[in-house]
Amino acid sequence: MCTTCGCGTETITLDGKVLPLSHAGHPYSTPKKLTRRVQIEQDVLGENDAQAALNRQRFAAQGLLVLNLVSSPGSGKTTLLVKTIERLSARQRIGVIEGDQQTSRDAERIQATGALAVQINTGKGCHLDARMVAGALDTLPLDALDILMIENVGNLVCPAAFDLGEACKVAILSVTEGEDKPLKYPDMFRAARLMLLNKCDLLPHLEFDVAQAMAHARRVNPDIEIMQISATSGVGFEQWLDWLEQARAARRAGQAA
Ligand code: MG
Ligand code: ZN
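Conventions and cut-offs
Residues numbered from 1 in each chain as written. Chains lettered and ligands numbered in written order. Predicted model: local features only at pLDDT ≥ 70, side-chain atom pairs only at ≥ 80, totals over all residues. Heavy atoms only, no water. Helix = DSSP H or I, 4+ residues; strand = E, 2+ residues; numbered from the N terminus. Buried < 20%, exposed > 50% of the residue type's maximum accessible area, 1.4 Å probe, protein only. Contact = heavy atoms within 4.5 Å. Areas by Shrake-Rupley, 256 points an atom, 1.4 Å probe, with all protein chains shown as cover. Donors = N, O, S within 2.8 Å, 3.2 Å for Na, K, Ca; no water. Salt bridge = Lys/Arg side-chain N within 4 Å of Asp/Glu carboxyl O.

A.B. asks: Could you clarify how one ought to interpret the overall build of the protein in this entry?
C.D. replies: In terms of regular secondary structure, the protein is built from 9 helices and 9 strands. Burial analysis of the protein (257 residues in total) assigns 46% to the buried set. Put simply, 69% of the contacts in the protein that link residues at least 6 apart link residues at least 24 apart. For the protein, the exposed surface amounts to about 12,700 Å²; the carbon and sulfur share of it is 51%.

Written out as C-alpha cells, the structure is:
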C-alpha cells in the first residue's frame, strides 16, 4: 500500500525497477480523491457495459455482424475499409461508423464508395463509447446491412476497455510501426480476436521483423488470429475477405438458431 496516502496502489515501475509508490512521488494529494477517481472509472465502465449489452441485443436481432476496428492513428483503417467495401459490396451490404476527434473526412471517403457511413466526432474524447454508437445506430438502416464496421478513434489505450456491443475487435498493426506494440499495449491485443498486419507491401523497404511482431502478439494473446495484408496492393486480402464472409455466415446461422 502507498505509504504516502494509504491508497491501494502499491508500486510503480520506473526504468524497469519496481518501486514503492511513495518513493516515486504520488500524483494524488489525498486518499479520498483517489478512491473517488477509481469509483468514477468503475461507474463509467459499468454504464458503458450496460449500453453495450443493449447494442449487442439490437445487432443480434438483425443478425448483423459488427466489428470494432482499433489501431494507432495512421495504420490504414480507412483505406482498409474502402478496399474491403470495393471488393465485397456485390455480396455484402456494409455500413460504417467512423470515430474521429474532428472532421468528417473518413466518413466522406467511405461514402464515396457508395456505402452508408456516419461520422461520430468525439471532440476531446479519445475513444468511442457504447452510448455514442447507440446514437449513430438511429441514423443507419440496420435491416438493410449485413456487416457494420466501427472504425474507432486511433488510440491503442482506452478503446480496449470500452465494449461497443461488437462481435469482436480487430486490431490493425502496420509494419511502419514497431514490432513491440503488442507488448507495449497488451490490453488492446488481448482484447482483439484478429490482428491484421497491414502495409506488408512496404516490407522490402523496412527492417520490420514480421515473425517477432507475431510472436509478441501471441505472447499477450495466444488465441489471436493474424493475417499479413496490404490494403493498397491487395496482398493477403482474399484471406481477410474470406474471414469476413465466414464470420457473417456464422452470425446469420446464430440468428436462425
Ligand atoms: Mg481513419
Ligand atoms: Zn479514451
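A.B. asks: Help me out: how do you make sense of the coordination of the magnesium ion (ligand 1) in this one?
C.D. replies: Four donors placed tetrahedrally about a metal ideally form angles of 109.5 degrees, and six donors placed octahedrally ideally form angles of 90 or 180 degrees. Those protein atoms acting as donors to the magnesium ion (ligand 1) are Thr-78 (OG1), Asp-106 (OD) and Glu-151 (OE), and they sit at 2.1 Å. Here the donor residues for the magnesium ion (ligand 1) map to a single chain with the spacing T-x27-D-x44-E. Of this pair, Asp-106 sits in helix 4 (residues 105-111) while Glu-151 is found in strand 6 (residues 147-151), placing the two residues 45 residues apart along the sequence. Here Asp-106 and Glu-151 have matching classes, each one buried.

A.B. asks: Help me understand the pairing of strand 7 (residues 168-174), please; the structure alone is not making it clear to me.
C.D. replies: Within a regular strand, the side chains alternate between the two sheet faces. Burial runs high along strand 7: 7 of the 7 residues are buried. Judged by which residues are buried, strand 7 turns out to be covered on both faces: Cys-168, Val-170, Ile-172 and Ser-174 on one side and Lys-169, Ala-171 and Leu-173 on the other are all buried.

A.B. asks: Looking at this structure, how should I read unusual backbone geometry?
C.D. replies: Negative phi values dominate among residues other than glycine, just as trans dominates among peptide bonds. In the Ramachandran plot, Thr-103 falls in the positive-phi region, its phi being about 70° despite a non-glycine side chain. Secondary-structure assignment places Thr-103 in the loop between strand 4 (94-100) and helix 4. Among the residues examined, Thr-103 registers a relative accessible area of 42% and is labelled partly exposed. The phi angle at Lys-199 is positive, at roughly 65°, despite the residue not being glycine. The topology assignment puts Lys-199 in the loop between strand 8 (192-198) and helix 8 (210-220). Among the residues examined, Lys-199 registers a relative accessible area of 21% and is labelled partly exposed.

A.B. asks: Help me out: how do you make sense of the pattern of salt bridges in this one?
C.D. replies: It is possible for side chains bearing opposite charge to pair when their charged atoms get close. Enumeration over the complete set of coordinates arrives at 12 salt bridges. Across the pair Glu-238 and Arg-87 runs a salt bridge whose closest N-O atoms are separated by 2.5 Å. Placement of the pair is Glu-238 in helix 9 (residues 237-256) and Arg-87 in helix 3 (residues 77-88), with a sequence separation of 151 residues. Given a relative accessible area of 48%, Glu-238 falls into the partly exposed group. A residue is classified by how much of its surface remains accessible, and Arg-87, at 36% relative accessible area, is partly exposed.

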